[in-house]
Amino acid sequence: VDAFQAWCGPCKTVVDLFWKIRNEVGSDLLHFAVAEVDSIDALEKYRGKCEPVFLFYSGGELVAVVRGVNVPMLQKTILEQL
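Counting starts from 1 at the beginning of each chain's written sequence and moves along it residue by residue. Only residues with pLDDT of 70 or above have their local features reported here, since the model is predicted, and side-chain atom pairs are shown and tallied only from 80 upward, although totals for entire chains, interfaces and linings are computed over all residues. By convention in this description, side-chain values take in all heavy atoms of the structure and omit both hydrogens and water.

Within an unreviewed UniProt entry, the label attached to the protein reads TXND6 protein, and the organism entered is Nyctibius grandis.

As structure tokens, then:
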């Protein structure tokens, strides 16, 4: 989940990375979503930050968090979680 605030929008560079990885590994294994933290109470703790936060869930549980646009770390985290 790309957790972003309305004033800065979702990270388009990372969205492209996620689509690339999803195409490589198959769509059944990876699901990607964007969420505006200002409108979702459960994501309130991510408000007021000037960097994007990427939340990784498996089986409904938060399993990893990557802060900022760190493409190598995002790619590593995705592949490890798969």
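**Observations regarding the packing of helix H1 (residues 12-25) against helix H2 (residues 71-81)**
Packing of H1 against H2 brings their axes to within 11 Å, and their N-to-C directions diverge by 30°. H1 and H2 meet at a crossing whose hand is right-handed. Note on element contacts: H2 touches H1 through Val-71, Leu-74, Gln-75, Ile-78 and Leu-79, opposite Val-14, Leu-17, Phe-18, Ile-21 and Val-25. In this analysis, axes come from line fits to C-alpha atoms, helices being fitted only over the stretch in contact, and the angle between any two N-to-C directions falls in the range 0 to 180 degrees. Comment: elements are numbered from the N terminus, with helices defined as DSSP H or I runs of at least four residues and strands as E runs of at least two. Left-handed describes a crossing whose near helix is turned anticlockwise from the far helix by less than a right angle; the clockwise case is right-handed. Here, residues are in contact when the closest pair of their heavy atoms is within 4.5 Å.

**Examining the environment of Tyr-57**
By the element assignment, Tyr-57 lies in strand S3 (residues 53-58). Considering only alpha carbons, one finds Tyr-57 and Thr-13, 44 residues apart in sequence, at a separation of 21 Å. Excluding residues within four positions of it along the chain, Tyr-57 makes contact with Val-1, Leu-62 and Val-63.

**Describing a nonpolar patch on the surface**
Like charges are joined within 9 Å and nonpolar side chains (Val, Leu, Ile, Met, Phe, Trp, Tyr) within 5 Å, but only among residues with over 30% relative accessible area and no salt bridge; these make up the patches. Methods summary: accessible areas were calculated by the Shrake-Rupley approach with a probe of 1.4 Å, and residue burial reflects only the protein chains presented. Here, a salt bridge means any side-chain nitrogen of Lys or Arg that lies within 4 Å of a carboxyl oxygen of Asp or Glu. A grouping of Leu-29, Leu-79 and Leu-82 is seen on the molecular surface, where their side chains present a nonpolar patch of about 300 Å² in accessible area. By the element assignment, Leu-82 lies in the segment after H2.

**As for the layout of surface pockets**
Note on definitions: the grid is 1 Å and covers protein atoms alone; a cavity is a set of points where a 1.4 Å probe fits but cannot get out; a pocket is an open set with protein on both sides within 12 Å along at least five of seven lines; lining residues have an atom within 4 Å of a point. Grid points are joined across faces, edges and corners, and a volume is the space filled by probe spheres set on the points. Its boundaries defined by the atoms lining it, the largest pocket holds a volume of some 310 Å³. Along the walls of the largest pocket sit 15 residues, with Leu-30, His-31, Leu-55, Phe-56 and Tyr-57 positioned nearest its centre. Elements supplying a minimum of two residues to the lining of the largest pocket: S3 and H2. Gly counts as polar in this scheme, as do all residues outside two lists: the nonpolar Ala, Val, Leu, Ile, Met, Phe, Trp, Tyr, Cys and Pro, and the charged Asp, Glu, Lys and Arg. Grouping the constituent residues of the lining of the largest pocket by class yields 12 nonpolar, three polar and no charged.

**Things to note about the pairing of S3**
When strand S1 (residues 2-4) meets S3, the two strands line up antiparallel, connected through two bridges. Across the sheet, Ala-3 pairs through a bridge with Val-53, a residue of S3. Whether two strands pair depends on DSSP finding at least two bridges between them. Note that S3 and strand S4 (residues 61-67) share six bridges and pair antiparallel. Its bridge partner lying in S4, Val-53 is registered against Arg-67. Adjacent in sequence and paired antiparallel, S3 and S4 are bridged by two residues, among which Gly-59 carries a positive phi angle near 60°.

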